[in-house]
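# Structural overview
Chain by chain, the residues:
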Amino acid sequence: MSLAVEVQGLIKYYGKVRVLDGIDLEIPSGTVMGLLGPNGAGKTTTVRIVTTLLAPSSGRVQVAGVDVLKDPARARTRLGLSGQYAAIDTNLSGFENLRMVARLYGMSHKRSADRATELLAALGLEHAAGRRAGTYSGGMARRLDLAGALVCRPPVVVLDEPTTGLDPRGRLDMWRVIGELVDDGTTVLLTTQYLEEADLLADRITVIDRGRVIARGSADELKTSIGGDKLTVTLAAGQDPKPAKQVLAQVGIGEPLEDPAADQITVVVGDGTRTMVEALRRLDDAGICILDADVHRPSLDDVFLSLTGKSTDRKLSECRTDTVQEEILS
Ligand SMILES: Nc1ncnc2c1ncn2[C@@H]1O[C@H](COP(=O)(O)OP(=O)(O)O)[C@@H](O)[C@H]1O
Ligand SMILES: [Mg+2]
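Cut-offs applied
Residues numbered from 1 in each chain as written. Chains lettered and ligands numbered in written order. Predicted model: local features only at pLDDT ≥ 70, side-chain atom pairs only at ≥ 80, totals over all residues. Heavy atoms only, no water. Core = buried A, V, L, I, M, F, W, Y, C linked by side-chain atoms within 4.5 Å. Buried < 20%, exposed > 50% of the residue type's maximum accessible area, 1.4 Å probe, protein only. Contact = heavy atoms within 4.5 Å. Salt bridge = Lys/Arg side-chain N within 4 Å of Asp/Glu carboxyl O. Helix = DSSP H or I, 4+ residues; strand = E, 2+ residues; numbered from the N terminus. Axes fitted to C-alpha atoms, helices over the stretch in contact; angles between N-to-C directions. Left-handed = near helix turned anticlockwise from the far one by under 90°. Pairing = 2+ DSSP bridges. Phe/Tyr/Trp six-rings, centres within 6.5 Å; stacked < 30°, edge-to-face > 60°. Lys NZ or Arg CZ within 6 Å of the ring centre and 35° of its normal. Arc of directions from axis to C-beta. Polar contact = N/O pair within 3.5 Å; in protein donor to acceptor, adjacent residues only side chain to side chain. Near = heavy atom within 4 Å. Areas by Shrake-Rupley, 256 points an atom, 1.4 Å probe, with all protein chains shown as cover. Nonpolar A, V, L, I, M, F, W, Y, C, P; charged D, E, K, R; others polar. Parallel < 35°, antiparallel > 145°, perpendicular 65-115°, else oblique.

## Re the nonpolar core
- Within the largest apolar cluster, 43 residues are counted, with the highest numbers of intra-cluster contacts made by Leu146 and Ile205.
- Aside from chain neighbours lying at most four places away, what touches Leu146 is Ser82, Leu123, Val157, Leu159, Met174, Val177 and Leu181.
- Of all hydrophobic cores here, the second largest spans 25 residues; its members include Val5, Leu10, Ala41 and Ile49.

Below you can see the structure in the form of structure tokens.
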């Protein structure tokens, strides 16, 4: 397994404040790493160091085999960076922006124009190619910025909060584009504060909080690490919850929790589906009427709560948009 990005013991002080406290990252070539954490966790600081824009206080960074600190110029040829705020010239059209970037990279006039056209098509912007970038929607501007980062076909692309502030439509478009990048074999380091985004896009996730790695693994592993599935049973109207709770306590792990407002009882279970069948049989034997039962895996929200001992910070939960979730599920 070759590593496209390797970060070891990254430490960064701003004055006396240690904002990165020993970050390690390993990203195998052709995979997506999600760097997940709340506002102020140190995501941007990390990606700025990885992309040569900022020097660490100590630590080592390699990108595509190049030591970023010793040879930043060469490392830059391996990297594309697209940030949270689009860096484009709003007076130029989309086409002109990309052609200019290509020219800056030393491509010929003809190659620059061809590459600009190619990228506009790939990012779904061909209809707006001739329009001033200043008239673009937030999502379009962000995709144009990403296109600029792809001009030289870098093997490693770094995306700092690519969908923060976008509406659901813009977010979906960006997710599609990132998915296509990955299908082409590009290695992606993506920061996000959206749990569902990391869940959807990343092969592996590194959760950071206050400059430290607090967990890593695939979304599945992170979810499994905090315990089994959850079984939720909805009682029929007027059904006494007490006996149902007793039955669920026998099949589950730990104490069942009751949500009286929804007539629901939830319990953590080991083997979700098998336990559900057993629970339904026992509830039926006990003459307890239920309306519904379902098993679900913990969400990354649950993971974050369990890791940090606090609910995802307000910012995180505010950012969750149920519309987006529905759209990606459908
Ligand atoms: N130039 C700077 N000077 C001082 N502190 C900074 C500077 N940039 C970021 N910080 C601090 O470093 C911490 C991490 O910031 P950042 O990497 O931007 O977090 P994130 O991108 O995860 O929101 C925050 O506490 C932030 O206030
Ligand atoms: Mg940031």
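## Observations regarding the pattern of salt bridges
- Summed over all chains, the structure comprises 16 salt bridges.
- Arg169 is the salt-bridge partner of Asp173, the closest N and O atoms lying 3.4 Å from each other. Note that Asp173 and Arg169 are positioned in helix 6 (residues 168–183) at a spacing of four residues, about one turn of the helix.
- A salt bridge links Lys245 to Glu258, with the nearest nitrogen and oxygen atoms 3.4 Å apart. Here Lys245, found in helix 9 (residues 241–251), pairs with Glu258, found in strand 12 (residues 253–259); they are 13 residues apart in sequence, far enough to count as distant.
- One connected set of salt bridges, linked through shared partners, spans Glu278, Arg281, Arg282 and Asp285.

## Things to note about the side chain of Thr232
- By the element assignment, Thr232 lies in strand 11 (residues 229–235).
- Looking at Thr232, the relative accessible area reads 8%, which means it is buried.

## Notes on the packing of helix 9 against helix 10 (residues 272–285)
- It is at 10 Å that the axes of helix 9 and helix 10 come closest, and there the two elements cross at 145°. The two elements helix 9 and helix 10 cross, and the hand of that crossing is right-handed. Between helix 9, through Ala244, Val247, Leu248, Gln250 and Val251, and helix 10, the contact on the second element is made entirely by Thr275, Glu278, Ala279, Arg282 and Leu283.

## Considerations on the pairing of strand 11
- Across the seven residues that make up strand 11, a large majority, six, are buried.
- The sheet contact formed by strand 11 and strand 13 (residues 264–269) spans six bridges and is antiparallel. Its bridge partner being in strand 13, Thr232 is matched across the sheet by Thr266.
- Strand direction decides the pairing type here: strand 11 and strand 14 (residues 290–296), joined by six bridges, are antiparallel. When the bridges of strand 14 are listed, Thr234 appears paired with Asp292.

## Looking at the packing of aromatic side chains
- Applying the stated rule across the entire model yields zero aromatic pairs.
- When the ring centre of Tyr14 is taken as reference, the NZ or CZ atom of Lys12 above it lies at 5.4 Å.
- A cation sits over an aromatic face here: Arg171 above Tyr194, 4.2 Å from the ring centre.

## Let's talk about helix 9
- Of the residues making up helix 9, those classed as buried are Ala244, Val247, Leu248 and Val251. Down the axis of helix 9, the smallest arc covering the buried residues is 95°, so these residues share one side. The outward face of helix 9, more than 90 degrees from its buried face, is lined by the exposed residues Lys242, Gln246 and Gln250.
- On its buried face, helix 9 sits against strand 11, strand 12, strand 13 and helix 10.
- Regarding helix 9, its N-cap is Asp240, as a side-chain oxygen of that residue lies 3.1 Å from the backbone nitrogen of Lys242 further along.

## What to know about the site of ligand 1
- Around ligand 1, the surrounding shell consists of Tyr14, Val19, Pro38, Asn39, Gly40, Ala41, Gly42, Lys43, Thr44 and Thr45.
- Here an oxygen atom of ligand 1 and a backbone polar atom of Gly42 are 3.0 Å apart.
- Taken by itself ligand 1 offers 560 Å² of open surface, and the protein chains cover 57% of this.
- With three residues, helix 1 (residues 43–50) is the largest single contributor of residues to the shell around ligand 1.
- For the shell around ligand 1, the class distribution of residues is four nonpolar, five polar and one charged.

## A word on the sheet that holds strand 3 (residues 32–36)
- Pairing is mixed across the open sheet formed by six strands, whose spatial order is 6-7-8-3-9-10. Sheet topology places strand 6 (79–82) and strand 10 (212–217) at the edges, where each strand pairs with a single neighbour. Along the sheet, successive strands turn relative to each other by an average axial angle of 15°, direction set aside.
- For strand 7 (residues 156–160) and strand 8 (residues 187–192), the ladder comprises five bridges, and the chain directions are parallel. Bridging from a neighbouring strand, Val156 pairs with Thr187 of strand 8.
- The strands that helix 1 touches are strand 3, strand 6, strand 7, strand 8 and strand 9 (204–209); relative to strand 8, the one it contacts most, it runs at about 155°.

## Quick look at the packing of helix 3 (residues 94–104) against helix 4 (residues 109–122)
- Where helix 3 meets helix 4, the closest approach of the two axes is 8 Å, and the angle between their N-to-C directions is 130°. The angle between helix 3 and helix 4 falls in the class oblique. Classified by chirality, the crossing of helix 4 by helix 3 is right-handed. The segment helix 3 lies against helix 4, with Gly94, Phe95, Leu98, Arg99, Ala102 and Arg103 engaging His109, Ser112, Ala113, Ala116, Thr117, Leu119 and Leu120.
- Residues belonging to the contact of helix 3 with helix 4 are distributed by class as follows: seven nonpolar, four polar and two charged.

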